[in-house]
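Close look at the chain arrangement
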Amino acid sequence: MEQYRSKLKDKKRIVVKIGSSSLQHPQTGELDYIKLEILVRELCNLKNQGKDVVLVTSGAIAQGRRAMHLSDEDFSQNRIAMKQACAAIGQARLMMTYERIFAEYNQVTAQILLTKNTVVDNLNRYNAHNTFTQLLKMGVIPVVNENDTVATYELELDNDTLSAIVAALIGADLLILLSDIDGLYTDDPRKNPDAKFVDLVEELNDSHMNMAKNSTGSSVGTGGMNTKLTAARIATRAGADMLIANSRDVRIIHQLMDGQNLGTLFVAHKDEDFDLPGFVSRLNQ
């Protein structure tokens, strides 16, 4: 375990994903500005260490819905169009907030919105890779979300999977998934008190995939453990270690980078024959 953890401090290109439920106050649904500020500070500190950093963030639909004061009944009417409209409203608000906080640390950021087709289509994927490469070369921290406003079937591409796709696309060597759970358990700990925590996965196999539950403990998120293990399949085969950790305190980012035994670490096993667009095209089929 220690041999893997001690190497994390040397990672050079890091993708961090944070989910909707981690960004807002559970009582009100409003953005948690203290948590956002700490998150940005952690990312900027990684950047100041000379590392390339990319943030994949959820929360656009939730914030758009909140801004328009939509009830469950309102939101359920014409659901796809409503999701897309809320994404358009919420993404602008979310990005404005990130921009202001990053600016406090004198850090330039950029918005990148992707869809499933961005990865599946060869030219789109090539262009996206070039954009990421240039931004990172310029010292920018890209902030990534799915382009829900123009997506239909792509709405099923959750941000756990999206973050792994980004990690593969840019050749990241570490992906950190911040969620509302400590990591991988042998069963759903919310339902089974005897579930055991798994702190290290040296090689992902079917037994690990069977531990996943295709559900989420959050009313605003779209990813459960199933999507996180799909992300692990992508990231590790693309050559990146992956961590699942609890976002209760986002300062866990530097604790993970310091090698502390927190969360679940999935060890990279780079597969030179891994077909990223082919894998993505088969998702949700």
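So, here's what we can say about the structure. (Residues numbered from 1 in each chain as written. Predicted model: local features only at pLDDT ≥ 70, side-chain atom pairs only at ≥ 80, totals over all residues. Heavy atoms only, no water.)

Overview of the overall build of the protein chain
Selection rule: The way it works is that DSSP assigns letters per residue, a run of H or I at least four long becomes a helix, a run of E at least two long becomes a strand, and they are numbered from the N terminus. Restricting the calculation to C-alpha atoms gives the radius of gyration, and the globule rule supplies 2.2 Å times the number of residues raised to the power 0.38. The contact definition used throughout considers only heavy atoms, calling two residues in contact when any of these lie within 4.5 Å. Shrake-Rupley sampling with a 1.4 Å probe provides the accessible areas, and residues are treated as covered by the protein chains on show and by no other component. Residues counted as positive are Lys and Arg, residues counted as negative are Asp and Glu, and His and the chain ends are not counted. Every charge is mapped to an atom, namely NZ of Lys, CZ of Arg, CG of Asp or CD of Glu.
Across its full length, the protein chain holds 13 helices and 10 strands. A globule of 285 residues ought to have a C-alpha radius of gyration of about 19 Å, and the protein chain, at 18 Å, matches this closely. Overall, the protein chain is about 50 × 45 × 40 Å in size when its C-alpha atoms are taken along their principal axes. Here the analysis covers contacts within the protein chain between residues at least 6 apart in sequence; of these, 76% occur between residues at least 24 apart. On the protein chain, roughly 13,300 Å² of surface is accessible, and the fraction owed to carbon and sulfur atoms is 46%. Placing the 31 positive and 36 negative side-chain charges of the protein chain at their respective mean positions leaves the two points 2 Å apart.

Let's talk about the packing of aromatic side chains
The condition is simple: Two aromatic rings, drawn from Phe, Tyr or Trp (for Trp, its six-membered ring), form a pair once their centres lie within 6.5 Å of each other, and the interplanar angle then sorts them: stacked below 30 degrees, edge-to-face above 60, tilted otherwise.
Evaluation of the coordinates by the stated rule reveals 3 aromatic pairs. Ring geometry for Tyr98 versus Phe102: centroids 6.3 Å apart, planes at 40 degrees, classification tilted. Note that Tyr98 and Phe102 are positioned in helix α6 (residues 79-104) at a spacing of 4 residues, about one turn of the helix. Ring centres of Tyr185 and Phe197 lie 5.1 Å apart, and the angle between their planes is 70 degrees; this geometry places the pair in the edge-to-face category.

So, the nonpolar core
The test is simple: What is meant by a nonpolar core is a set of buried Ala, Val, Leu, Ile, Met, Phe, Trp, Tyr and Cys residues, joined one to another through side-chain atoms within 4.5 Å. Three labels apply to residues, based on accessible area from a 1.4 Å probe with only protein chains included: buried if under 20% of the type maximum, exposed if over 50%, partly exposed otherwise in between.
Formed by 48 residues in total, the largest nonpolar core has its most connected members in Val15, Phe132, Val144, Val166, Ile170 and Met242. Apart from the residues within four sequence positions on either side, Phe132 is in contact with Val54, Ile112, Leu114, Pro142, Val144, Val166, Leu169 and Ile170. Judged by nonpolar contacts, the second largest core, of 36 residues, contains Ile14, Ile38, Leu39 and Met257.

Description of the sheet that holds strand β2 (residues 52-57)
Note the threshold: At least two DSSP bridges between two strands are required for those strands to pair. Between N-to-C directions, angles span 0 to 180 degrees; the directions come from axes that are lines fitted to C-alpha atoms, helices contributing only their stretch in contact.
Taking strand neighbours across the sheet as the criterion, the 8 strands line up as β3-β4-β2-β1-β5-β9-β10-β8 in an open arrangement whose pairing is mixed. With one partner strand each, in any of the chains shown, β3 (109-114) and β8 (200-201) form the two edges of the open sheet. In this sheet, strand β5 (residues 174-179) lies alongside strand β1 (residues 13-18) in parallel orientation, the contact comprising 5 bridges. Directly across from Ile18, in β5, lies its bridge partner Leu178. This element, α6, spans β1, β2, β3 and β4 (141-146) of the sheet and lies at about 155 degrees to β3. Along the sheet, helix α8 (residues 122-137) makes contact with β1, β2, β3 and β4, crossing β3 at roughly 165 degrees.

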